[in-house]
Amino acid sequence: MHKIIADHMKSKSVLFSILLSYAVMISCSDKKIEPVDYVNPYMGNISHLLVPTYPTVHLPNSMLRFYPNRDNYTSNQVQGFPLNVVSHRSGKVFNLSPFEGDIREINGNILYTYDNEVVNPYCYSVSLDEPDIDVKFIPAERSGIFSFRFNEGSYPGIILKTTNQGELRFENNSITGYDTYDKVKAYLYLEFERKPENVKVRDSDVVSESTSVRGNRIAMIANFDNSASEIKIRYGLSYISAEQAGKNLHNDIPGWDLNEISDNAREKWNKVLSGIETEGGSENQRSVFYTSLYRCFERMVDITEDGQYFSTWSNKVEPAKDTAFYTDDWVWDTHLALHPLQVIMNPDEQDEKISSYIRMARQSGWMPTFPTISGDNHAMNGNHSAAVILDAWNKGIRNFDLEEAY
């Protein structure tokens, strides 16, 4: 446990006032105030020059990341909900859009105005105004679960769309397929809690009766009867196969209880955020601190799936053996502060991240500069990974092959 002393305000009365103030915070849980309750994902969402941070919902260093699909975070409209943010701030796959009534009356993309949005690291909820639909989302490592609450007797429906070239197939109350991000296939296995009344597909704005479709920016529409006031959807993701996506789902989310899944996600966040204990300071200082610490666990992401991973560096599925494979690290941004912090907080995981860099170099012939899911985004000059590796070695992390790294 590491300790930071912000100032000398250590009296019980000050601590009580901090806890009492945060006891009334709105969140997706009624648990007592813990480090995750200080996190404000909206912080840093506005930028006048560079790309800002986004209100990301995810588990620490997990393959799945989520934020609502809108142009920027001052916008009063949202355009559905992506199933995954593949690469940090730069790419989404799949999109879910709930609707009521006849799909033939809906042309193009649905834009919703929204209210009552609540975002924290382990839960997202919002009310969509015009159709009056309440949405809730909970993340897991490689999976997620949605709840959509509709008006009684409203004939609800769900549109699942690919963002690029993809394929969707409905069978046995589930949808399988893939979407594409920068030539990498993101596979999907999605289940409904209750079976749709009927399923249609849309290709080039043409809606037809079918259970499968392939193409660019295709969609599958699931309609439910008017007795369905709540639709639950859970899904798994994979870079290996749709079958593996199904395994990932059932490993992560075996049931349909959103509160249970949310409690598990909250517990994981509190475990990592409690790695640094704070004393004193103001409520705002604690919020800034724990929000900054939460941001430290968005990258790198662990894409290991059942002891293997898809490598864009070798363009095949590789064995992970006993070392998880991490990627999506814009190291020009992270080598000075984030990696040295992780050396202190999570030395075992940092060892695996450095070993992942070495694997990328071994498989491609070059040490990457900005490793992502789809390869090296060679955006900045220099060899910043060398500083990361040397810093870790000098601080006692020795389980990676230094000679090969050199």
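Visitor: Any chance you could explain the overall build of the protein here in plain terms?
Guide: Along the protein, the regular secondary structure elements total nine helices and 26 strands. In terms of overall size, the protein behaves like a compact globule, its C-alpha atoms giving a radius of gyration of 22 Å where 406 residues would be expected to give roughly 22 Å. Overall, the protein is about 65 × 60 × 40 Å in size when its C-alpha atoms are taken along their principal axes. Looking at the 406 residues of the protein, the share that counts as buried comes to 56%. Here the contacts in the protein between residues at least 6 apart in sequence split such that 66% fall between residues at least 24 apart. If you sum the accessible surface of the protein, you get close to 18,700 Å²; carbon and sulfur atoms cover 48% of it.

Visitor: I tried to follow the confidence of the model for the protein on my own but got confused; where do I start?
Guide: Do not read the fine detail of predicted coordinates wherever pLDDT is low. For the protein, per-residue confidence averages 90 on the pLDDT scale, and residues scoring 70 or more make up 91% of the total. When the criterion is pLDDT under 50, residues 3-27 qualifies, and its contacts beyond four places in sequence or with other chains add up to 41 contacts.

Visitor: What am I meant to see in the nonpolar core here?
Guide: When a protein is soluble and globular, its nonpolar side chains tend to lie buried together. Of all hydrophobic cores here, the largest spans 77 residues; its most connected members are F81, F146 and F148. Element by element, the count of residues in this core is highest for strand β14 (residues 184-192), at five residues.

Visitor: Even after reading the chapter, I still don't get the pattern of salt bridges, so can you show me in this structure?
Guide: Pairs can form between side chains of opposite charge whenever their charged atoms are close. Scanning all chains against the criterion turns up 13 salt bridges. Where D328 meets R65, a salt bridge forms, and the shortest distance between an N and an O atom there is 2.8 Å. Taken as a pair, D328 in the loop between β24 (326-327) and α5 (331-334) and R65 in strand β3 (residues 65-66) lie far apart in primary sequence, 263 residues in all. Residue classification places D328 among the buried positions, given a relative accessible area of 0%. We classify R65 as buried; its relative accessible area is 0%. One salt bridge connects E117 with R70, and the closest N-O pair in it is separated by 2.9 Å. In this pair, E117 is assigned in strand β7 (residues 112-120) and R70 in the loop between β3 and β4 (77-78), connecting sequence segments 47 residues apart. Connected through shared salt-bridge partners, E34, D37 and R266 make up one network.

Visitor: Please clarify how the packing of helix α6 (residues 338-345) against helix α7 (residues 347-364) should be interpreted in this entry.
Guide: Axis angle and axis distance: for two packed helices, these are the angle between their axes and the distance between the axes, and together they describe the pair. At a closest axis distance of 6 Å, the pairing of α6 and α7 adopts a crossing angle of 130°. In terms of orientation, α6 and α7 fall into the oblique class. Two secondary-structure elements touch here, α6 through H339, Q342, V343, I344 and M345 and α7 through P347, Q350 and K353. Looking at the contact of α6 with α7, its residues break down into four nonpolar, three polar and one charged.

Visitor: Can you help me understand the sheet that holds strand β12 (residues 165-171) in this one?
Guide: Across a sheet, strands are paired by hydrogen bonds formed along the backbone, either parallel or antiparallel in direction. The strand order across the open sheet built from 10 strands is β4-β7-β8-β9-β10-β19-β14-β13-β12-β17, with neighbouring strands paired in antiparallel fashion. The strands lining the two open edges of the sheet, one partner per strand, are β4 and β17 (212-216). Where strand β8 (residues 123-128) lies against strand β9 (residues 133-139), five bridges are found, and the strand directions are antiparallel. Among the inter-strand pairings, S125 is bridged to a residue of β9, identified as K136. With respect to the sheet, helix α2 (residues 242-252) is in contact with β10 (143-149), β13 (174-181), β14 and β19 (230-238), its orientation differing from that of β14 by roughly 50°. Packing of helix α3 (residues 258-273) onto the sheet brings it into contact with β8, β9, β10 and β19, and relative to β9 it is tilted by some 45°.

Visitor: Could you clarify how one ought to interpret the packing of aromatic side chains in this entry?
Guide: The relative placement of two aromatic rings is captured by the distance of their centres and the angle of their planes. A complete count under the given rule lists 19 aromatic pairs for this structure. For the ring pair W330 and F370, a centre distance of 5.5 Å and an interplane angle of 40° mean the geometry is tilted. Taken together, the positions of W330 in the loop between β24 and α5 and F370 in the loop between α7 and β25 (371-372) put the pair 40 residues apart, joining distant regions of the chain. A single burial state applies to W330 and to F370, both of which are buried. Among the aromatic residues, ring-to-ring pairing joins F66, F81, Y124, F137, F146, F148 and Y235 into one connected group. Between the NZ or CZ atom of K185 and the centre of the ring of Y178, over which it lies, the distance is 4.3 Å. Directly above the aromatic system of W393 lies the positively charged group of R398, at a separation of 4.3 Å from the ring centroid.

Visitor: What am I meant to see in the sheet that holds strand β11 (residues 156-161) here?
Guide: Strand order in the open sheet formed by six strands is β5-β6-β11-β18-β15-β16, and the pairing between neighbours is antiparallel. In this open sheet, the two edge strands, each paired with only one partner strand, are β5 (81-87) and β16 (206-208). Geometrically, the sheet is characterised by an average inter-axis angle of 20° between neighbouring strands, direction not taken into account. The pairing of strand β15 (residues 198-203) with strand β18 (residues 219-223) spans five bridges and is antiparallel. The residue of β18 that forms the bridge with V201 is M220.

Rules behind the numbers
Residues numbered from 1 in each chain as written. Predicted model: local features only at pLDDT ≥ 70, side-chain atom pairs only at ≥ 80, totals over all residues. Heavy atoms only, no water. Helix = DSSP H or I, 4+ residues; strand = E, 2+ residues; numbered from the N terminus. Rg over C-alpha atoms; globule rule 2.2 N^0.38 Å. Buried < 20%, exposed > 50% of the residue type's maximum accessible area, 1.4 Å probe, protein only. Contact = heavy atoms within 4.5 Å. Areas by Shrake-Rupley, 256 points an atom, 1.4 Å probe, with all protein chains shown as cover. pLDDT = per-residue confidence, 0-100. Core = buried A, V, L, I, M, F, W, Y, C linked by side-chain atoms within 4.5 Å. Salt bridge = Lys/Arg side-chain N within 4 Å of Asp/Glu carboxyl O. Axes fitted to C-alpha atoms, helices over the stretch in contact; angles between N-to-C directions. Parallel < 35°, antiparallel > 145°, perpendicular 65-115°, else oblique. Nonpolar A, V, L, I, M, F, W, Y, C, P; charged D, E, K, R; others polar. Pairing = 2+ DSSP bridges. Phe/Tyr/Trp six-rings, centres within 6.5 Å; stacked < 30°, edge-to-face > 60°. Lys NZ or Arg CZ within 6 Å of the ring centre and 35° of its normal.

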